[in-house]
Amino acid sequence: MLLLPELFSNEEVAYLKEAMTPLKKADSPELVWEKNTQTLRALHGCHLRSPVFRRLVRQKRLLEPSRQMLNDEGYVYQFKINLKQPFNGELWPWHQDFIFWHKKDGMPLPNALNAVLFLDDCTEFNGSMWFIPNSHHEGLLEPMVKKETGEGWKNDVGVDLTYQLDEPTIARLVEKWGIAAPKGKSGTVLFFHPNLVHASLPNISPLGRSLLIVTYNSAQNIPVPKEQQRPWFLVNPDTTPEVCTEEPLLLTLAV
Ligand code: SIN
Ligand code: MN
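Novice: An account of the overall build of the protein is needed here, citing residue identities and associated values.
Specialist: A tally of helices and strands in the protein yields five helices and twelve strands. A globule of 255 residues ought to have a C-alpha radius of gyration of about 18 Å, and the protein, at 17 Å, matches this closely. Sequence separation of 24 or more characterises 86% of the internal contacts of the protein that already satisfy a separation of 6 or more. Approximately 12200 Å² of the protein is accessible, and the part contributed by carbon and sulfur atoms is 55%. The protein carries 26 positive and 30 negative side-chain charges, and their two centres are separated by 1 Å.

Printed below as a string of structure tokens:
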């Protein structure tokens, strides 16, 4: 886990939030709603729909540390913005990310990396993420498999995650390693390994907690597709390694 405080400026964060607005159309399949069906929980695949997010995933500030940690060129495997909205943003149960990518998408190895960009200040009040430090050294842990309902992929992004970790496992890991709840100003970036155990609480505060999460996968670790493939907004079909852009994130329209 690596925390780089305020890697993006307030102006850039405001620009990214603005760029989200046209992507929040109510009938888009890549939007995920909370159980109340009124509150938007997440947006997916934004880098494939918006030139702003396309530029973001190619920023040197994200790509270079990812390349160093992957020890390889990376491509964007998944892109999501988890909004965790004021009062109604719901929890994420304890889980590891890699189990979803391995079992559902055929990703061979956990040679991928999450870059989490805080679009809001993350504090102890607004449902920030919790991690069990060093838990990635335990490899893939035996999950509790929840029965899937409706469209399969929706169980990978909602409160009833398909692969969760049970109480004895979490108790054992927390006794060994404790819990970390990284906090930071908006613009901060947190990198974490796909086997690191994590969760987050509901947001009962009046403060939003949007996190933008880019998953870079090693170019040597291309998934071997399963019979039933998840949609493009969860598994990017384009596995071309990303190249750092010279373009700044903030581009003002010519007048
Ligand atoms: C969260 O948004 O709090 C959790 C995200 C994740 O588990 O990837
Ligand atoms: Mn996760």
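Novice: Hey, could you go over the site of ligand 1 for me, with residue numbers and the actual values?
Specialist: Around ligand 1, the neighbouring residues are K80, N82, W92, H95, M129, H198, S200, R209 and I213. Within the side chain of R209, an N or O atom sits 2.7 Å from an oxygen atom of ligand 1. Sorting the residues of the shell around ligand 1 by element identifies β4 (74-82), β5 (92-95) and β11 (198-200) as the ones contributing at least two each. The residue makeup of the shell around ligand 1, split by class, is three nonpolar, four polar and two charged.

Novice: Before we move on, can you summarise the sheet that holds strand β3 (residues 40-44) with the specific residues and values?
Specialist: Across the sheet, seven strands lie side by side as β1-β10-β6-β12-β4-β3-β2; this open sheet has antiparallel pairing. In this open sheet, the two strands that pair with only one neighbour each are β1 (2-4) and β2 (31-33). When strand polarity is set aside, the average angle formed by the axes of neighbouring strands in this sheet is 20°. Helix α4 (residues 98-105) contacts β4, β6 (112-118) and β12 (211-218) of the sheet and is inclined by roughly 115° relative to β4.

Novice: Pulling in residues and values, what's your account of the sheet that holds β5?
Specialist: Ordered by their spatial adjacency, three strands build an open sheet running β5-β11-β7, and the pairing between neighbours is antiparallel. With partners counted over all chains shown, the strands left at the sheet margins are β5 and β7 (129-131), one partner each. Looking at each pair of strands side by side, their axes are set apart by 20° on average, direction ignored.

Conventions adopted
- Residues numbered from 1 in each chain as written.
- Chains lettered and ligands numbered in written order.
- Predicted model: local features only at pLDDT ≥ 70, side-chain atom pairs only at ≥ 80, totals over all residues.
- Heavy atoms only, no water.
- Helix = DSSP H or I, 4+ residues; strand = E, 2+ residues; numbered from the N terminus.
- Rg over C-alpha atoms; globule rule 2.2 N^0.38 Å.
- Contact = heavy atoms within 4.5 Å.
- Areas by Shrake-Rupley, 256 points an atom, 1.4 Å probe, with all protein chains shown as cover.
- Lys, Arg positive; Asp, Glu negative; His and termini not counted.
- Charge placed at Lys NZ, Arg CZ, Asp CG, Glu CD.
- Near = heavy atom within 4 Å.
- Polar contact = N/O pair within 3.5 Å; in protein donor to acceptor, adjacent residues only side chain to side chain.
- Nonpolar A, V, L, I, M, F, W, Y, C, P; charged D, E, K, R; others polar.
- Pairing = 2+ DSSP bridges.
- Axes fitted to C-alpha atoms, helices over the stretch in contact; angles between N-to-C directions.

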